[in-house]
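In case you want the letters, here they are:
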There are 2 protein chains.
Amino acid sequence: MTMEDVAREAGVSVASVSRALSGARRVRDDVLENVQRAARKLGYQLDPIARALRSGRSGTVGLVVPDIASPFFPALASGLESGLRETGTSMFLLSAQNDPDLERECVDQLIARRVDKILISPVHHVRSRRIVDQARSSASIVQVDRYASLRTHRVLTDPRQTIGLVLDHMASQGCVRFAFVGAADSASVSISRLAAYRTKVKQIDASGVERTLAGDYSLGWGHEAAKRILQHWSDVDAVVCGNDLIALGVIQEFIKQGRDVPKDVAVTGCDDSVFSSTSRPSITSVEQPVTVMAVRAIGLLSGHFTNDPVTALLKPKLIVRESTRRNLECASTPKRLSTSSANQNNEI
Amino acid sequence: MTMEDVAREAGVSVASVSRALSGARRVRDDVLENVQRAARKLGYQLDPIARALRSGRSGTVGLVVPDIASPFFPALASGLESGLRETGTSMFLLSAQNDPDLERECVDQLIARRVDKILISPVHHVRSRRIVDQARSSASIVQVDRYASLRTHRVLTDPRQTIGLVLDHMASQGCVRFAFVGAADSASVSISRLAAYRTKVKQIDASGVERTLAGDYSLGWGHEAAKRILQHWSDVDAVVCGNDLIALGVIQEFIKQGRDVPKDVAVTGCDDSVFSSTSRPSITSVEQPVTVMAVRAIGLLSGHFTNDPVTALLKPKLIVRESTRRNLECASTPKRLSTSSANQNNEI
DNA sequence: ATGAAAGCGCTAACAC
DNA sequence: GTGTTAGCGCTTTCAT
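Note on numbering: residues in each chain are counted from 1, in written sequence order. Here chains are named by letter from A upward and ligands by number from 1 upward, in the order in which they appear as written. Local features in this predicted model are restricted to residues of pLDDT 70 or higher, and side-chain atom pairs are both shown and tallied only at a pLDDT of 80 or more, whereas totals for entire chains, interfaces and linings draw on every residue. To obtain the side-chain values, all non-hydrogen atoms of the structure were used and water was disregarded.

A. Seen up close, the pattern of salt bridges. Any Lys or Arg side-chain nitrogen located within 4 Å of an Asp or Glu carboxyl oxygen qualifies as a salt bridge. Evaluated as defined, the whole model comprises 24 salt bridges over all chains. Between Arg-228 of chain B and Glu-224 of chain B there is a salt bridge whose closest N-O contact spans 2.9 Å. Placement of both Arg-228 of chain B and Glu-224 of chain B in helix α10 (residues 219-232) is noted, with a separation of four residues, approximately one turn of the helix. One salt-bridge network, held together by shared partners, links Glu-4, Asp-5 and Arg-8 of chain A. Counting from the N terminus, the helices are DSSP H or I runs at least four residues long and the strands are E runs at least two residues long.

B. Main features of the protein's contact with DNA strand D. By convention in this text, a residue qualifies as near a molecule or strand provided that one of its non-hydrogen atoms is within 4 Å of it. Not every one of the 25 residues close to DNA strand D is listed here, only the nearest: Ser-16, Arg-19 and Arg-54 of chain A together with Met-3 and Tyr-44 of chain B. Sugar and phosphate atoms form 57% of the subset of DNA strand D atoms that lie within 4 Å of the protein. Polar contact criterion, stated in full: a pair of N or O atoms within 3.5 Å, where within protein one must be able to donate a hydrogen and the other to accept it, and residues adjacent in sequence count only if both atoms are side-chain atoms. Here a phosphate oxygen of DNA strand D sits 2.5 Å away from a polar atom, N or O, in the side chain of Ser-16 of chain A. At a separation of 2.9 Å, a phosphate oxygen of DNA strand D approaches a polar side-chain atom of Arg-57 of chain B. Within the residue set of the surface near DNA strand D, elements represented by two or more residues are α2 (14-22) and α4 (48-55) of chain A together with α2 (14-22) and α4 (48-55) of chain B. At four residues, α4 of chain B tops the list of elements feeding residues into the surface near DNA strand D. Residue polarity is assigned by list, with Asp, Glu, Lys and Arg as charged and Ala, Val, Leu, Ile, Met, Phe, Trp, Tyr, Cys and Pro as nonpolar; anything else, Gly included, falls into the polar class. Tallied by class, residues from the surface near DNA strand D come to 10 nonpolar, six polar and nine charged.

C. Up close: the pairing of strand β5 (residues 153-157) of chain A. Residue and element names in this part refer to chain A. Buried residues are those whose accessible area, probed at 1.4 Å on protein chains only, stays under 20% of the maximum for their type, while exposed residues exceed 50% and partly exposed ones sit between those limits. With five of five residues buried, β5 is to be regarded as a mostly interior element. Burial of the side chains of β5 extends over both faces: His-153, Val-155 and Thr-157 are buried on one face and Arg-154 and Leu-156 on the other. Between any two strands, pairing holds if DSSP finds at least two bridges. Bridge count between strand β4 (residues 140-144) and β5: three bridges; the pairing is parallel. Bridge assignment links Gln-143 to a residue of β5, and that residue is Arg-154. Of the strand pairs in this sheet, β5 and strand β11 (residues 311-314) are connected by four bridges, and their pairing is parallel.

D. A look at the domain arrangement of chain A. All names here are of chain A. Structurally, chain A comprises domain 1 (3-46), domain 2 (60-151) and domain 3 (159-288 + 316-338). Each of domain 2 and domain 3 has a C-alpha centre, and these two points are 30 Å apart. Working rule for contacts: check all heavy atoms of both residues, and any pair within 4.5 Å makes them a contact. Tallying the contact residues gives eight residues for domain 2 and eight residues for domain 3. A simple way to read buried area is as the amount of 1.4 Å-probe accessible surface that goes missing from two parts once joined, with both sides added. Between domain 2 and domain 3, a total of about 700 Å² is buried, with carbon and sulfur atoms accounting for 57% of that surface. Considering only the surface of domain 2 that becomes buried against domain 3, Phe-72, His-125 and Arg-146 emerge as the three largest contributors, covering 54% of it. Taken together, the connections running from domain 2 to domain 3 amount to four residue pairs in polar contact (both at pLDDT 80 or more). Boundaries of every domain are those given by an automatic assignment or by a domain database.

And the structure:
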């Protein structure tokens, strides 16, 4: 079943069929109708492989995530897929398993398959830069959540706001001595959050600038970090963590050592993972506006910004839970899930 | 950069280059070497689109999951991707968003792109059957975790063993009055687990056969189900849940109503989600052997079983946690706070 | 074992 | 606007 069959059925040339079906060039209305009817009658489907070979385009988009097994990326992928489906584009997802070399292979695969739009959350702040920049020449590309190149569009949750939200909140709960526990890896978010903490904490607790710890995104590192805090900085009453898993570890260790969370020390996470609401105490965290990210990223993908790369900094949302609620007078009634699903994640 | 360039460089015909590079047919050793050297020198890469068009195959595999945002599937996808990477095949992941129609589109997309191997976890026990069976004529296909067709290979965790493990365990903890809380959806696992419960519980507590509740895989349904149990079957001391989220909801509601878990009533989940180990009480659950699933599925994909469809029933693993530990003499010391970030799920 | 040549199904020039 | 035709880069007969 090829175009030739449709052409015969419709009584026109294959070129007309192609033009009618691809919508690229104009054809007469009666031709269009004839072709569409013939195609429907025969159950004809355009062959994406043949058209990709001939035209060099495929009309599909590829998404490369650092690791599909990490908590945040399935949600991101889901949001992007939904958004794209509305425009009728299908998305192919690849996971780089946190390895820049595999990431390069993934991108090369996509390009070789004539994918003309690539969404990527680069594994490594530095090592992913080349592959991102190189891909620019073969496809339109947007970095999501993480980034490696400043010459390519980016849409990410503003790390300054993310950290700002938790610091302000903890300060409002009466915290005065801050510390930060992050990861030493090379994802841009890790780096940005640490930097944002250093900048912001000065205004609240200048000594907090020195109190930063870097390990990895694991429960075990949270335990270790909590021990170090108790040992060296026992007067700390607010710990900002780079993600929820670390926060959970920190909290567990504090409790084990007889500290009360949040009364003795308040703790926050990042990214609002599932277990943040179910662990006990539940963990105050910062939610990323996944849906908005998807919309903005998709917009940038197809937008014809011939000039400068654009950076979309999105507004995160603080989710207050038990791990920081020390101030009983101020605390609103504990609502775990916001009732309004309305989107307040307006971009700045 | 095409094959012609390589042919010229190597001093042979394009046909020989094709033969040498694809490894399909034999070429003389010196030709092989010449071609490989030329290809390397020029940095030549085979064009997957052109070869797919001409040969009808692509050498890649597609994975269609019901919903990438659901807890279990990222892990499954990750396992499959790792396994495939070892064989040098790249995998494209598609999510059907729990919609059989979208699932059909995904499969059609893959077939249109000449993917010759498809891994699928069908959305719907019945409605996905046709698409799975139809795909068989265009690609070798294996159902993973869920299934919709008995005419196609399946690899899944044995639901009877899964349910058997939790029932036996609870019985050993002294439980005598059982109930089951599952989902009314149409994924094969939901159906199988319910059926397995009905069959197995007879041997322990015949009246338990009648005590089954079906809702959906949500926290809210867990709350609701717990209320109903307290209302109608207040003497129940063991609740088997279809997944961890339901179990969590059930536990929360029981505690809210003043029951002690596990002393008054023991509760189990399924699938061993992240939060099972972090919620309090932590939830006894059954882990699916993802790695083994991946290995078996990949094996079936390429195995040339011309005859009957094979069914691989894999062995699940019970993870005992606080939600069922009532028997103090038998219980090992409850360790919630492991310091190592190493996997603490080997605590059977 | 190798080369020449015919397509895979489509789109993009190019004529009309 | 529409049809004719030449490829996109490769694999696969078919000769040799």
